[in-house]
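Residue-level listing of the chains:
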Amino acid sequence: MSETAFCYHCRTHHPKEEMRLIDTKAGKRWRCIRSIEATKKGRLEREAYGRQVTAMNKAEAQRKARLVLNGRTATTPP
Ligand SMILES: [Zn+2]
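The model shown is predicted, which means the values in this text are computed figures rather than measured ones. (Residues numbered from 1 in each chain as written. Predicted model: local features only at pLDDT ≥ 70, side-chain atom pairs only at ≥ 80, totals over all residues.)

Attention now moves to the overall build of the protein chain. When its secondary structure is counted, the protein chain shows one helix and four strands. Going from the N terminus to the C terminus, the protein chain shows its helices and strands as β-β-β-β-α. For the protein chain, the C-alpha radius of gyration of 25 Å lies well beyond 12 Å, the compact-globule estimate for 78 residues. When its C-alpha atoms are laid out on the principal axes, the protein chain stretches across 80 × 25 × 15 Å. (Helix = DSSP H or I, 4+ residues; strand = E, 2+ residues; numbered from the N terminus. Rg over C-alpha atoms; globule rule 2.2 N^0.38 Å.)

On to the environment of arginine 20. Here arginine 20 shows up in strand S3 (residues 19-24). The exposed category is assigned to arginine 20, around which 12 C-beta atoms lie within 10 Å. For the pair formed by arginine 20 and cysteine 32, sequence separation is 12 residues and the distance between their alpha carbons is 6.1 Å. Dropping the residues within four chain positions of it, arginine 20 is found in contact with Arg31, Ile33 and Ile36. (Buried ≥ 20, exposed ≤ 12 C-beta atoms within 10 Å, placed from the backbone. Contact = placed C-beta atoms within 7 Å.)

What follows covers the pairing of strand S1 (residues 4-7). Of the strand pairs in this sheet, S1 and strand S2 (residues 12-15) are connected by four bridges, and their pairing is antiparallel. Following the sheet pairing, phenylalanine 6 is matched in S2 by histidine 13. Connecting S1 to the next strand, S2, in antiparallel fashion are four residues, including arginine 11 with a positive phi near 60°. (Pairing = 2+ DSSP bridges.)

Note on placement: proline 15 falls in strand S2. Look at proline 15 and you get exposed, because 12 C-beta atoms sit within 10 Å. The spatial distance from the C-alpha of proline 15 to the C-alpha of asparagine 70 is 64 Å, given a sequence separation of 55 residues. Ignoring any residue separated from it by four or fewer positions in sequence, one finds proline 15 in contact with Ser2 and Thr4.

As structure tokens, then:
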């Protein structure tokens, strides 16, 4: 039987081989690698999503700016 430790993230016990001792405000606590990786991946995905939204907003702003510009000179509606 492998030794287990309480995972503060999942609130359950996992084998220690699948866990890391993490420094938290409350002291050193065990957390499973799976949840650490999931959080890391989630953060990267959120960052990627944030960049995507920023790029989209920028494109949208440029499109609107062009529309306004075109609206001034266009003689026919779109
Ligand atoms: Zn866990």
